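Structural description and commentary
As a plain string of letters, each chain reads:
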Amino acid sequence: MEYSVLCLLLCLTTSKDVSGQTIVASPNPAAVNSNVTLQVYPETSIPGGMWSHGSTFIMQWYPGGSFVNPTWESRITFNSTSKALSIRSVQVADSGIYYIQGPIQLYGTLSVQEPISNATLRADATDLVELNDTAVFTCSVTTGSSLSYLWLNGSSEVNASLVRLTNGGSTLSIPMVTRYDTGPFRCNVSNGISHDMARQSISLNISYGPSNPTITTNPKMAAYIVGSDITLSCSAQSNPNATYQWSFEGQPLNQGVTQLFLGNSKQTQTGNYTCSALNSVTRRSASMTTMIRIVEPISAVTVNSAGKQPIQNESFTLSCNVSGPADYIHWMKNNQMISADSFFSVVNKTLTINSVQHSDNGNYSCEAFNAVSNKTSNPYSLLVNFGPEMPVTTGRALALTGQNVTLTCSASSQPPSTYTWWFNGSQVATGSVYESGPLTSHNNGEFTCMAFNNITNKNSTASQKLTVIEPVTMATVKVLGAQPIANHTFNLTCETTGSVYSVHWMRDQLPLYPDSMRVFSMDNSTLTFSPVLLSDNGHYQCSATNPLSQMNSSNYTLMVNYGPDTPVVMGPWMAMMGQNVTLTCSASSQPPSHFTWWFNGSKVATGSVYESGPLTSHNNGEFGCMAFNNITNKNSTASHMLTVIAPITQVQIHTPLKSPVEGQSYTMNCNVTGPVDHVCWWKDGLLMSSNNRTDFAVDNQTLIINPIQHSDMGDYKCQAMNAVSNMTSNAYSLVVNYGPQTPTLFGPWLAASGANVTLTCSASSQPPSTYTWLFNGSQVATGSVYESGPLTSHNNGEFTCMAFNNITNKNSTASHMLTVIHPITYSTISDGGKPAILNESFSMTCSVDGESPSIHWMKDGSYLHTDHWTVFSMDNRTVTFNTVQLSNQAVYTCTASNAVSNYSSPGYMLVVNYGPEKPMIHGPTVGELGANVTLTCSASSQPPSHFTWWFNGSQVATGSVYESGTLTSHNNGEYTCMAFNNITNKNSTASQKLTLIAGITSITVKANTTPINLKQLTVTCEVNGSHSALYWMKNSVSLNGSTNSSLHILNNTLHFNPVTLSDDGTYQCVATNLAGNHTSPPYHLQVNYGPLDMSISGPDSAVIGSSVKVTLKCSADSWPTSQYDWLFNQKSLSKNNPILDVTVLKENAGQYTCNAINSVTNITMSKIHKLNITANSVVPLHSSAGLMLLVLVALFVPVVNDLWSH
């Protein structure tokens, strides 16, 4: 009844949602059998309500009481204040949603989970084929609930988008596995309270490939020279390792190995090599083909001509003869390549210059190329024969009678031409040079030179005229008529002797040309000035010339007469009485004028200069000068006024008898003897002007300064001036008496006891002051400087300086305080004799002699500060490290200072002693009987530790290194190293066991027979001494795991069944025991094979007349190199020569057989080559080339017949 009432009350109560409030479980998730509390968050007051789990009622509460479902009563506790519900020993079934229903509606979720145990992983299969099989993994646990699965491939999480996860994630399926899915795979199972990783991981063995087959060649080249060793290596990505099969041009080579070796390669081995890789598990295959080209090198190259001389404008041919196969040929001229054009025809081995020119001269060479070599011929020097071209004659066309002339003839020609000279149609000389002898008028005429080339059979001529004339022997300039006077007509004429072609005039060595005032006669022999001017003055010459000679006249100097112009009088306008004056008169005139002087109308002198004598007042007046030219008969005059003045004779400064005193008025007077125009005053060299204290009176002759200051002191002068003189007085030095002003004291404020101090006093004053010194009010000295003597504490106090001026009767004082302090004389660091030991307390003290020190500490030059481990005493004298550390190791100094001195202690090196730490022993743990071992012991320690070695409890050595001596079975046991530090008084030990075993004394590799390709071979490793393992190496790479199916390793033997070329290499065996590895000396395996791939290179046919011979070359792949024999139609021709030269004759057509013999493998191979020789249908025997071909054939027939006979 009560339950029903409560339900009814709750149902009738209006409920509401509270935003942001919820039920929180703690812990959540919770483990099975743990206790959980459900509470409202944030906490709120709920007067009544009901707890439920899903649809199951748990309890209800109301004001004043509560009711609990009996099935929950033993498992829950209700907090009536917070309304929290605690559930004891929860089970998985307790998971779910919990509700509070009442005035507010709240809910929360609880997850109860079972702990996970024993996670295990299994796979349906681990051997899979790529892109064919599916990998399936299953992860399971013994116990656990609410499971989540995390799958790992190695250390990375499996990407779920690439796999299938089923059964709640416990099953992982990887469809169409790839080579990257090998794992290892693991699973991690977790829930909210626990997790477990499967103890074992699973890796997949995924078979794949072969894919991406590659062939590499060593060496890597586009083509190989005959005789090269070539290694082809085949590889493919495959698991398990693929097997390989080689083929050449589609034919199997029975080489089931990764490498194919072509030793001493032949041209017949050129072609496509294919490597096929097969995976026996995936049943897949892949192949790769590469082209190998093997070529004979070019051995010789030469350039020849056809025998015909190269003549300009004719065709010329060069041939390139090559020994060996040539892919293409380049022609070069002077090392520059030639291309075919309209001038050059380049056809294979022939270079034809269609119309050779001498510009084609040069060094010609041909360069032949094939894939493995190139060779250049020696240069062929081409020199083209040509000419002669039109000769060029050099020599004079004009000559003077009596002279010799030389005429030279040259013509471009190869070879050089011969020359003949002709004069007016008659031969006069031979050779390129003609010498005339002394010339006369009979030598006028035409000279002809003829050049002749005896190779081209051509000649060419050129002519030159020679004219013979008389020389010019005289030229003179003469005046024609009157002398030259300005503005009158004037004539000059040029007189000459000899054959004169022309006359030229020059003035001052420059050509002279006619103008409006200069006129030349028709033949230029007369020069007329109309009129002549002053500007015509100069040096005149005439020059008479013909084509071969010239004569210049001597200079004629033309000076035009003129004037006089108006005279110019030079001299003073004013002069001082008693002086002499000089007046100078000049007038422009040619020739120079004569001069006359007049004073106030009376003649007083002649000549251009007038000297006056001592002047008086009577010399005031006008002076006149007259100039006269006796050639032009003209005169001209000028006047000059002179004024005579008396001079200034004395200037002085007069001053009053009273001394100048600062602040009073002061006057100076300037007294002058003589007429004065102006007076000025100077101070210290500077011109004075009036101001508020300075004034001038009585025409500037009086200077008044009111009031006077000491800044007015200086040197004063007065200066008097008139028109003809000025005079300056002697300097008057004005000294102003003043002062003294306030004294200035210099000297220290602080001083060390025992020192001397100097105090200096100065005061501005005129005259200088006298000084008195007082100390604390009592006089102690006189004079401007006070010397103290050695200072004591009694010298602390006030020093006063008094300055006194006995003229101004004034004094002035200033004071100075002096403090005396005792200096610091010494500081040092002491440690009390206790060493610094790691992790123990350590102190240093700074001892100081001196007054009131301030102390600071330095560590390695930087200031030391307090911290958790470092503490200073109150006065900083002591620093303490509570537990000294290695980081405290450094150089320390302490510095003591006061106002007058400072002193730094010597450096104190703090060394922290520690250790020894645990020693470390270096050396082998296993040794061989009869050998030596060395054990080394080290331990970190300060100072360095002492070491002792113990063997099975007994001391055997001292020092860090233990040398065993020759080991025996008695040396088996434990070796102990003890390290001891005599400062920290601590020791530490470490031990190492040494086990002795019997040693390996020798190891060698031997073969049972000579290695021959495709035959069996056994190689044995012989070891003396016990060993735990033995393995083989080829070319320093281990053969263990080799994929070579024909190679079998059994104990200490290698069985090649059969041995192949790919097995070539360096083999070693390695025997191991506990003491280490022992490696045999190398065994070099070179497999003998062949002959293989035999071929004959050369033409199948030849035409008589197209070539003289053909070459057949026989080759075969073989090691060692094969010997070769030739047969013609079954008849023996030659022994041991791979090359056969055959003359192109009808009887040499037939079947040629080459036999290749390997003397080691005892294998002989044969190859047949048929050669067809036919006659040319038309042989142009009428030509010179046809005749030469017949001759060559005739010469070669007996040689070939002789070859057949042998």
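Just so you know, these numbers come straight off a predicted model, no measurement behind them.

**Some details on the overall build of the protein chain**
If you tally the helices and strands in the protein chain, you get two helices and 116 strands. Since a compact globule built from 1206 residues should have a radius of gyration of about 33 Å, the 67 Å found for the protein chain marks it as more spread out than a globular shape. Across its three principal axes, the protein chain shows a C-alpha extent of roughly 170 × 145 × 95 Å. Residue burial in the protein chain is summarised as follows: out of 1206 residues, 40% are buried. Counting only contacts in the protein chain whose residues sit at least 6 apart along the sequence, the fraction spanning at least 24 positions is 61%. As displayed, the protein chain offers around 62,500 Å² of accessible surface, 52% of which is attributable to carbon and sulfur atoms.

**Focus: the sheet that holds strand S96 (residues 954-958)**
On the basis of which strands lie adjacent, the open sheet formed by five strands has the order S93-S99-S98-S95-S96 and mixed pairing. Edge strands, defined here as strands with exactly one partner in the open sheet, are strand S93 (926-928) and S96. Pairs of neighbouring strands in the sheet enclose a mean axial angle of 30°, with direction left out of account. Where strand S95 (residues 946-951) and strand S98 (residues 973-981) come together, six bridges link them in antiparallel fashion. Paired with Phe 947 across the bridge in S98 is Ala 979.

**Some remarks on the sheet that holds strand S52 (residues 526-529)**
Strand order in the open sheet made by the four strands is S47-S48-S52-S51, with antiparallel pairing throughout. The sheet is open, and its two edges are formed by strand S47 (474-480) and strand S51 (518-520), each paired on a single side. The mean inter-strand angle of the sheet, taken between neighbouring strand axes irrespective of direction, is 20°. One ladder, built from four bridges, connects strand S48 (residues 490-497) with S52; its direction is antiparallel. Within S52, the residue paired with Asn 491 across the bridge is Thr 528.

**A word on the state of the cysteines**
Using the criterion set out here, one finds 12 disulfides in the structure. The partner cysteine of Cys 1021 in its disulfide is Cys 1069, sulfur to sulfur 1.9 Å. Negative torsions about the S-S bond denote left-handed disulfides, and the value of about 65° found for Cys 1021 with Cys 1069 makes this one right-handed. Separated by 48 residues along the polypeptide, Cys 1021 in strand S101 (residues 1017-1024) and Cys 1069 in strand S106 (residues 1065-1073) bring together distant segments of the chain. The same class applies to Cys 1021 and to Cys 1069, which are both buried. With no disulfide of its own, Cys 680 lies 8.5 Å from the sulfur of Cys 718, the closest cysteine sulfur.

**Focus on the confidence of the model for the protein chain**
As a general rule, the predicted coordinates of low-pLDDT regions are not to be interpreted in detail. The predicted model of the protein chain has a mean per-residue pLDDT of 87, with 95% of residues at 70 or higher. Across residues 1-17, confidence stays below pLDDT 50; counting only partners more than four residues off in sequence or on other chains, it has 19 contacts. Here residues 1178-1206 is modelled with pLDDT under 50, and outside its nearest four sequence neighbours on either side it reaches 20 contacts, counting other chains as well.

**Focus: the pattern of salt bridges**
Within the structure shown, the criterion is met by 13 salt bridges. In this structure, Lys 1113 engages Glu 296 in a salt bridge whose closest nitrogen and oxygen atoms are separated by 0.6 Å. Note that Lys 1113 is positioned in strand S111 (residues 1109-1119) and Glu 296 in the loop between strand S29 (294-295) and strand S30 (300-305), a separation of 817 residues in sequence. Taken as a pair, Lys 1113 and Glu 296 share a single burial class, namely buried.

**Here we look at the pairing of strand S5 (residues 56-62)**
Buried residues dominate S5, accounting for five of its seven residues. Pairing analysis gives five bridges linking strand S4 (residues 49-53) to S5, with the strands arranged antiparallel. Note on S5: the bridge partner recorded for His 53 is Thr 56. Here S4 folds back onto S5 in antiparallel fashion, the turn holding two residues, of which Gly 54 has a positive phi close to 60°.

Here is what the cut-offs are and how they apply
Residues numbered from 1 in each chain as written. Predicted model: local features only at pLDDT ≥ 70, side-chain atom pairs only at ≥ 80, totals over all residues. Heavy atoms only, no water. Helix = DSSP H or I, 4+ residues; strand = E, 2+ residues; numbered from the N terminus. Rg over C-alpha atoms; globule rule 2.2 N^0.38 Å. Buried < 20%, exposed > 50% of the residue type's maximum accessible area, 1.4 Å probe, protein only. Contact = heavy atoms within 4.5 Å. Areas by Shrake-Rupley, 256 points an atom, 1.4 Å probe, with all protein chains shown as cover. Pairing = 2+ DSSP bridges. Axes fitted to C-alpha atoms, helices over the stretch in contact; angles between N-to-C directions. Disulfide = S-S within 2.5 Å. pLDDT = per-residue confidence, 0-100. Salt bridge = Lys/Arg side-chain N within 4 Å of Asp/Glu carboxyl O.

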